[in-house]
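Each chain is listed here by its residues.
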Amino acid sequence: MSTPAITIPPVVYQPSNPEERSPTSSRAGSTIIGTPSVKSETSSVLEKLPWDGYLEEDIPDKTQGKVMRDLRHLVFTIYHRLFGIVFITNMAILIALLVYGVNSQRLGLITVANVFVAILMRQDYIVNAFFFVFTSVPTSWPLWFRLLMARVYHLGGIHSGAAVSGTMWLAALAGQGTKELARGEEISVATVVITWIILTFLVGIIIFAYPDLRSKSHDTFERIHRFMGWTATALVWAQVISLTNDWKGDASLGYALVHSAPMWLMFIITGSLLLPWARLRKVPVRAVVLSDHAVRLFVNNKVFGFHPRPVPGSFSRVSLDPLNEWHAFANVPVPGTDEFSLVVSQAATGPKSSFATHRRDLLQRHACGGCSAGQHHVPPCPLRCDGKRIGPIAPCLFEKRQPSRLLWTGANIVKTFGTDLVDAVKEADPDACIYDTRATWSSDMVKLTYKMVKDFDAEAVVIISNEPLTKKVVYGMMSRGIPAFGAIWDS
């Protein structure tokens, strides 16, 4: 069957600088912006675009058998491996202790230790420390090691593994405490009751943290995670004091608490939870509505008299109602100024209009690293994003730290994001390909991404898109032996 002819619409973008205006072309040094073309009578009047004919090009077969590659790239991801290491190690220790005998005091210590690890692996400064160390690897080091370090964003597996393990230890503590209480041993009724209440809260948090349920009701998940977590933390304080009192023997309670490891862990846990709120700042913003689908928030605040410059690949959490909802957006620097910006779109959050109409200030928390931060030590690296997710990619282009190539796909990109942002992207990457998807067309993003990787002779590729497409393209690349990085939705 022959391919039907498609009338190619006119070029959809012209740079705001008149001197830069030129027809859509694939010449070196000119941004490629246009619609997908097919072989037809109309295509002969256009210069060939980089993606023309990509559907007809061969793509390598996937390596290994389906079962093995699914196990490797879907089941045993680094996130799942870290989760498994933490969880299996804890369960092995728990089984051994239950077999050889353990008391409620020892179980309480291990429970608090797991909660300690789970909370610290979500602490902003700890996360940033990991990102700083892992992304500081020199590009002269072996590629396999740099690729491993670039997956630092999978460290959430330690958080999840410790949280689930801590809940299992707490269940064992509740059962052991109930048994000791029935035997008339040291433990008190108050300790057992508090333990069962905490267990109920933690099980509720884990249920609502399940990826499918969390994605459907993210705001509900946040509120449950926050308020149940705070309540559980307060109850753990009571549990630690009560359990220490049960096992203090002839010593005074004060002396026993000073020499109690769980008590000192609780001080660090509480400080870790309070620190982000102590750093909460009301920052002035300037909102520019780009379209019905996007708004750009410009931030120009000072901390101790200095303008903070978020590192490329990082994101900021902002809110209008800090007790109920927070939204994370990539920090996009504004070249030539002290400002940075946040691109807010309906792809990232529903209440875009509330950010657009709130033009004075926002509450902001400390910036954290994201998955695109690892791009720095795998040059050269194509960066592939869809229309409304340019935020995490743009800072890496603006920094120009490593050679990279942008593939930006979407409908009406210039109309959605405005010429200022598109011009800044064009200046940072003159050979960027901005692929307009308005026309009727058949797409294969795995093939298109592979063509970019091959043409750019890249070591790896970063994909920022919606969940289904990100997983599809990452799997399509990884299963063919091409390192690929994309956001994960497990944690």
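In case you missed it, the structure is sitting above this.
Okay, so let's go over this structure. (Residues numbered from 1 in each chain as written. Predicted model: local features only at pLDDT ≥ 70, side-chain atom pairs only at ≥ 80, totals over all residues. Heavy atoms only, no water.)

Quick look at the overall build of the protein chain
To keep it simple, the criterion reads: Counting from the N terminus, the helices are DSSP H or I runs at least four residues long and the strands are E runs at least two residues long. We call a residue buried when its accessible area falls under 20% of the maximum for its residue type, exposed when it is over 50%, and partly exposed in between, using a 1.4 Å probe and counting protein chains only. Throughout, a contact is declared for two residues whenever any of their heavy atoms are within 4.5 Å. Calculation of accessible area relied on Shrake-Rupley with a 1.4 Å probe; when residues are assessed, cover is drawn exclusively from the protein chains displayed.
Broken down by element type, the protein chain carries 16 helices and 13 strands. Burial analysis of the protein chain (491 residues in total) assigns 49% to the buried set. Of all intrachain contacts in the protein chain linking residues separated by at least 6 positions in sequence, the fraction that spans at least 24 positions is 73%. When the accessible surface of the protein chain is split by element, carbon and sulfur atoms take 62% of a total near 23,600 Å².

Points about the packing of aromatic side chains
To keep things clear, this is the line we draw: Pairs were defined over the aromatic rings of Phe, Tyr and Trp, the Trp ring being its six-membered one, requiring ring centres within 6.5 Å. Orientation was assigned from the angle between planes: stacked under 30 degrees, edge-to-face over 60, tilted for the rest.
Applying the stated criterion across every chain, the model contains 10 aromatic pairs. Ring geometry for Trp-141 against Phe-145: centres 5.6 Å apart, planes inclined by 45°, an arrangement best described as tilted. Judged by its relative accessible area of 40%, Trp-141 is partly exposed. The exposure class assigned to Phe-145 is partly exposed, which follows from its relative accessible area of 24%.

A look at the packing of helix H6 (residues 156-182) against helix H7 (residues 189-208)
As a reminder, the rule being used: Think of each axis as a best-fit line through the C-alpha atoms, taken over the contacting stretch in the case of a helix, with angles from 0 to 180 degrees between the N-to-C directions. These descriptions rest on fixed angle ranges, namely under 35 degrees for roughly parallel, over 145 for roughly antiparallel, 65 to 115 for roughly perpendicular, and the rest for oblique. Left-handed is the label given to a crossing in which the near helix is rotated counterclockwise from the far helix by less than a right angle, and right-handed is the label when the rotation is clockwise. Any residue that is not Ala, Val, Leu, Ile, Met, Phe, Trp, Tyr, Cys, Pro, Asp, Glu, Lys or Arg is counted as polar, Gly included; the first ten are nonpolar and the last four charged.
Interhelical geometry of H6 versus H7 gives an angle of 155° and a closest axis separation of 9 Å. Here H7 runs roughly antiparallel to H6, going by the angle between their axes. Where H6 crosses over H7, the handedness of that crossing is left-handed. Contact residues: H6 offers Ala-163, Val-164, Thr-167, Leu-170, Ala-171, Leu-173, Ala-174, Gly-175, Gly-177, Thr-178 and Leu-181, while H7 offers Val-189, Val-192, Thr-195, Trp-196, Ile-198, Leu-199, Leu-202, Val-203 and Ile-206. Here the residues of the contact of H6 with H7 are counted per class, giving 15 nonpolar, five polar and no charged.

Some words on the environment of Glu-180
You can see Glu-180 is positioned in helix H6. You can call Glu-180 buried: its relative accessible area is 1%. When the C-alpha atoms of Glu-180 and Ser-104 are compared, they prove to be 8.1 Å apart, with 76 residues separating the residues in sequence. Contact partners of Glu-180, with chain neighbours within four places excluded, come to Asn-103, Ser-104, Glu-185, Ile-187 and Trp-247.

Points about the pairing of strand S6 (residues 340-345)
What counts here: Criterion used throughout: strands pair if DSSP finds at least two bridges between them.
Buried residues dominate S6, accounting for six of its six residues. In S6, alternate side chains face the same way, and those of Phe-340, Leu-342 and Val-344 on one face and Ser-341, Val-343 and Ser-345 on the other are all buried. One ladder, built from three bridges, connects strand S5 (residues 325-333) with S6; its direction is antiparallel. If you follow Pro-333 over to S6, its bridge partner there is Phe-340. Remark: six residues form the turn of the hairpin made by S5 and S6, two consecutive strands paired antiparallel; Gly-336 in that turn has positive phi of roughly 85°.

Remarks on the pattern of salt bridges
Stated formally: Counted as salt bridges are all cases of a side-chain nitrogen of Lys or Arg within 4 Å of a carboxyl oxygen of Asp or Glu.
Applying the stated criterion across every chain yields a total of nine salt bridges. Two residues, Asp-455 and Lys-451, come together in a salt bridge whose shortest N-O distance is 3.3 Å. Taken together, the residues span about one helical turn, with Asp-455 and Lys-451 both in helix H15 (residues 445-456) at a distance of four residues. Exposure remark for Lys-451: the relative accessible area of 11% places this residue in the buried category. Taken together, the shared-partner salt bridges connect Arg-405, Asp-429 and Asp-431 into one network.

Things to note about unusual backbone geometry
Positive phi, close to 65°, is recorded for Gln-64, a residue that is not glycine. You can call Gln-64 partly exposed: its relative accessible area is 42%. For Asp-457, which is not glycine, the phi dihedral falls at a positive 50°. Following the sequence through the fold, Asp-457 ends up in the loop between H15 and strand S12 (461-464).

Details of the nonpolar core
Definition in use: Nonpolar cores were defined as sets of buried Ala, Val, Leu, Ile, Met, Phe, Trp, Tyr and Cys residues, with membership established by side-chain atoms within 4.5 Å.
One finds Ile-390, Ile-393, Leu-397, Phe-398, Leu-406, Trp-408 and Phe-417 to be the most contacted residues of the largest nonpolar core, which totals 39 residues. Where this core is concerned, the elements lending two or more residues are helix H4 (124-134), helix H5 (143-150), H6, helix H13 (394-399), strand S10 (404-410), helix H14 (413-428) and S12. Top element by residues in this core is H14. It accounts for eight residues. Within the second largest apolar cluster, 29 residues are counted, among which are Ile-110, Val-112, Trp-237 and Ile-269.

Remarks on H4
Quick reminder of the rule: Throughout, the arc means that of the directions going from the helix axis to the C-beta atoms. Residues adjacent in sequence count toward polar contacts only when both atoms are side-chain atoms; beyond that, a polar contact is any pair of N or O atoms within 3.5 Å, and within protein one must be able to donate a hydrogen and the other to accept it.
All of the buried residues along H4 are Asp-124, Val-127 and Phe-131. For H4, the angular spread of buried residues about the axis comes to 70°, placing them on one side. Looking at H4, the residues exposed on the side facing more than 90 degrees away from the buried face are Phe-132 and Val-133. Two to three positions downstream of the cap, the backbone nitrogen of Tyr-125 sits 2.8 Å from a side-chain oxygen, assigning the N-cap of H4 to Gln-123.

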